[in-house]
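If you want the building blocks of each chain, they are given just below.
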2 protein chains.
Amino acid sequence: MSRRPKSATLPSSDGFARSDNRRTLLLDEAARLFGARGYDSTSMRDIATAVGMLPGSLYYHFPSKEDLLVAVYTIGIDQMQEAVLAAVARESDPWKRLEAAAAAHLSTLLDTSGYAAAVVADWPSPAGSVRDQLVRQRDRYEETFRELVADLPLGPHQDRQFLRLALLGALNWSLAWYKSNGDSPETIARRLVAQFRAD
Amino acid sequence: MSRRPKSATLPSSDGFARSDNRRTLLLDEAARLFGARGYDSTSMRDIATAVGMLPGSLYYHFPSKEDLLVAVYTIGIDQMQEAVLAAVARESDPWKRLEAAAAAHLSTLLDTSGYAAAVVADWPSPAGSVRDQLVRQRDRYEETFRELVADLPLGPHQDRQFLRLALLGALNWSLAWYKSNGDSPETIARRLVAQFRAD
DNA sequence: CCTACCGATCGGTAGG
DNA sequence: CCTACCGATCGGTAGG
């Protein structure tokens, strides 16, 4: 459940630590590219160039492109989960808790690292054998939002299932229109959540 | 502003009409594949196979894959625009108008033809020279929603810009979770809109 | 992690 | 719209 491969902080005096630093760099660049262009539109050569390796060398670290995606995806989900849980723990009012969760979700999603963006950008995409595994990770993450919505006092037209779907859609779709020169992700998240407040 | 290339309804007794039927079939299959898998993940060979041509033959109808996307995209936007305007014209209450627009948007988006789905699935993607053209078409379409939201009586926490962004996000993101065996697109759209009603 | 390479697939074209 | 083909690029591998 750590955000980054743990050994990235080891001393670099031996081959193992250096190898791990390269692995971390590789993951970072893969996340950035998958997050910005999507899995299918990113080639192993793109990643190799970004990280300063030759294409074949990537396979020393990951057996396939799909395995690389799974690693990025898992870190991305963990980052969001960790950020949301930490943010929610500081609040007690149900709407304030949801606001905090949305702000954490969005600032992780829109940060430049791209790990969380890779998760959202490739939401339905990878049709291969890893698909079920990725979907399960997402479902587990969304469970937190289900619980947050369960505590909300609702207006007469609202229901919990579609409030959750509408909110997550509003948040995730911001990837399509967000420009980093305007409101901060936190501000955007709070203003999006505000549209669902009936009181 | 027609939904389909007009000549698809011409008699098939000469070469021109037959050629146009093939062109329409080609567009239909391209839309279905772009909508389901996205532009980058669909090859010209996929489309050729679906339409029963050889790969090189596609270039008799469209000079490039990008031109094919632009044609699909334009039809997709036109379909949504037409459906929304027709639906809105039947209502006068502001919320009922927005509901009707959302229902029209979503049933076009989730129908099996894939034209509108191709628009939404490749929202940020095509980075090439056609990008600006596609973005302009979308912006024009979203103008209708801007006007619909302008007529709404709002709650104390709401504002028109973010209500529009949140609603369109909630609607478009349904592509990520919609399964055709549950609620109808119209029902889903109305329930999503209901989450924003403060009264 | 590099060298050197593989077969498959990609968008696209000339000529008919 | 087919035949026949192009150079470029793809994910991936053997051997060191």
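Sequence positions are assigned chain by chain, starting from 1 and proceeding in written order. Just so you know, chain letters begin at A and ligand numbers begin at 1, following the order they were written in. Whole-chain, interface and lining totals are the exception, using all residues; otherwise, since this is a predicted model, local features are given only for residues with pLDDT of at least 70 and side-chain atom pairs are given and counted only at 80 or more. To get the side-chain values, take all heavy atoms of the structure and skip hydrogens and water.

The copies were overlaid with a least-squares fit restricted to C-alpha atoms from residues scoring a pLDDT of at least 70 in each copy. For the pair chain A and chain B, the relating rotation is 180°, the translation along its axis is 0.0 Å, and the fit reaches an RMSD of 0.0 Å. Expressed as an axis order, the relation between the two copies is that of a two-fold axis. Minimal C-alpha distance to the rotation axis in chain A is attained by A:Ala198, lying at 2.0 Å. In this assembly, 100% of the residues forming the interface of chain A have copies in chain B that are likewise at the interface, indicating an isologous arrangement. Throughout, a contact is declared for two residues whenever any of their heavy atoms are within 4.5 Å.

What follows is about the protein's contact with DNA strand D. A cutoff of 4 Å decides nearness: a residue is near a molecule or strand if any of its heavy atoms lies inside that distance of it. If you check the shell around DNA strand D, you find 14 residues, and the closest are A:Arg45, B:Met53, B:Ser57, B:Tyr60 and B:His61. Among the atoms of DNA strand D lying within 4 Å of the protein, the sugar-phosphate backbone contributes 52%. One of the backbone N or O atoms of A:Lys65 is found 2.8 Å from a phosphate oxygen in DNA strand D. Here a strand is any run of E in DSSP of at least two residues, a helix any run of H or I of at least four, and the numbering for each starts at the N terminus. For the surface near DNA strand D, the secondary-structure elements that each account for two or more residues are helix 2 (44-51) of chain A together with helix 3 (58-61) of chain B. All residues other than Ala, Val, Leu, Ile, Met, Phe, Trp, Tyr, Cys, Pro, Asp, Glu, Lys and Arg, Gly among them, are scored as polar; the first ten of these are nonpolar and the last four charged. Considered class by class, the residues forming the surface near DNA strand D number five nonpolar, six polar and three charged. Within 3.5 Å is the distance limit for a polar contact, defined as a pair of N or O atoms, with the added protein rule that one can donate a hydrogen and the other accept it, and that residues adjacent in sequence qualify only through two side-chain atoms.

Once that is clear, we can look at empty space enclosed by the protein. Empty space among the atoms becomes apparent when a probe as large as a water molecule is rolled across them. Residues and elements named next belong to chain A. Put simply, the grid is 1 Å and covers the protein atoms alone, a cavity is a trapped set of points that fit a 1.4 Å probe, a pocket is an open set with protein on both sides within 12 Å along at least five of seven lines, and lining residues have an atom within 4 Å of a point. Grid points are joined across faces, edges and corners, and a volume is the space filled by probe spheres set on the points. With the rule as written, the count across this model stands at one cavity of 30 Å³ or more. Volume-wise, the largest cavity comes out at about 40 Å³. In terms of lining, the largest cavity is formed by Met80, His105, Val120, Trp123, Tyr141, Glu142, Leu168 and Asn172. Among the elements of the structure, helix 7 (131-150) and helix 8 (160-172) are those that each provide at least two residues to the lining of the largest cavity. Of the residues in the lining of the largest cavity, the class split is five nonpolar, two polar and one charged.

Turning next to the UniProt feature "DNA-binding region" (unreviewed entry) in chain A. UniProt positions are given in the numbering used here, feature names are shortened, and annotations may be inferred rather than shown by experiment. The UniProt record annotates "DNA-binding region" (unreviewed entry) at residues 43-62 of chain A. Secondary structure across residues 43-62 of chain A comprises 60% helix and 0% strand; the distance between its end C-alpha atoms is 14 Å.

What follows covers the domain arrangement of chain A. Residue and element names in this part refer to chain A. The split into domains, and so the bounds of each, comes from an automatic or database assignment of domains. Per the domain assignment, the segments of chain A are domain 1 (15-64) and domain 2 (66-194). Look at where the C-alpha atoms of domain 1 and domain 2 centre, and you get two points 25 Å apart. The interface of domain 1 with domain 2 comprises 16 residues on the first partner and 15 residues on the second. In total, about 1300 Å² of surface goes out of reach between domain 1 and domain 2, with carbon and sulfur atoms giving 67% of it. Here the quantity called buried area is the accessible surface, traced with a 1.4 Å probe, that two parts lose on coming together, added over both. The largest contributions to the domain 1 side of the interface with domain 2 come from Phe34, Tyr39 and Ser64, which together make up 40% of the buried area. Put simply, a salt bridge is a Lys or Arg side-chain nitrogen that is within 4 Å of an Asp or Glu carboxyl oxygen. Our count for the contact surface shared by domain 1 and domain 2 stands at zero salt bridges. Counting only elements with at least two residues in the side of domain 1 that touches domain 2, the list comes to helix 1 (15-37) and helix 2. For the side of domain 1 that touches domain 2, the element with the highest residue contribution is helix 1, accounting for nine residues. Looking at side-chain class alone, the side of domain 1 that touches domain 2 contains ten nonpolar, four polar and two charged residues.

Moving on: the interface of chain A and chain B. At the junction of the two partners, chain A supplies 29 residues and chain B supplies 29 residues. Interface area for chain A against chain B, summed over the two sides, is near 2900 Å², with a carbon-plus-sulfur share of 62%. Contact with chain B buries area across many residues of chain A, yet A:Phe162, A:Trp173 and A:Gln195 alone supply 29% of it, more than any other trio. Here chain A is connected to chain B by two salt bridges. Put simply, B:Asp159 and A:Arg191 hold a salt bridge, and the shortest N to O gap is 3.1 Å. Applying the counting rule to chain A against chain B returns ten residue pairs in polar contact (both at pLDDT 80 or more). Broken down by element, the side of chain A that touches chain B gets its largest block of residues, eight residues, from helix 8 of chain A. Of the residues assigned to the side of chain A that touches chain B, the class counts are 16 nonpolar, seven polar and six charged.

Per-residue confidence from the predictor is reported as pLDDT, a score between 0 and 100. Mean pLDDT for chain A: 89, with 88% of residues reaching 70 or above. In the predicted structure, residues 1-18 of chain A sits below a pLDDT of 50 and forms 20 contacts with residues beyond four places in sequence or in another chain.

It is worth spelling out the pattern of salt bridges at this point. All names here are of chain A. Throughout the structure, instances matching the rule amount to 16 salt bridges over all chains. We note a salt bridge from arginine 164 to glutamate 142, for which the minimum N-O separation is 3.7 Å. With a gap of 22 residues between them, arginine 164 in helix 8 and glutamate 142 in helix 7 connect regions that are remote in the sequence. Between arginine 191 and aspartate 183 there is a salt bridge whose closest N-O contact spans 3.5 Å.

As a further point, take the protein's contact with DNA strand C. In the vicinity of DNA strand C there are 14 residues, among which A:Arg22, A:Ser57, A:Tyr60, A:His61 and B:Arg45 approach most closely. Put simply, 55% of the atoms of DNA strand C that lie within 4 Å of the protein are in sugar or phosphate. Interatomic distance of 3.2 Å between a backbone N/O atom of A:Leu54 and a phosphate oxygen of DNA strand C. B:Arg45 has a polar side-chain atom sitting 2.7 Å from a base nitrogen of DNA strand C. Counting residues per element, the ones that place at least two in the surface near DNA strand C are helix 3 (58-61) of chain A together with helix 2 (44-51) of chain B. Tallied by class, residues from the surface near DNA strand C come to five nonpolar, six polar and three charged.

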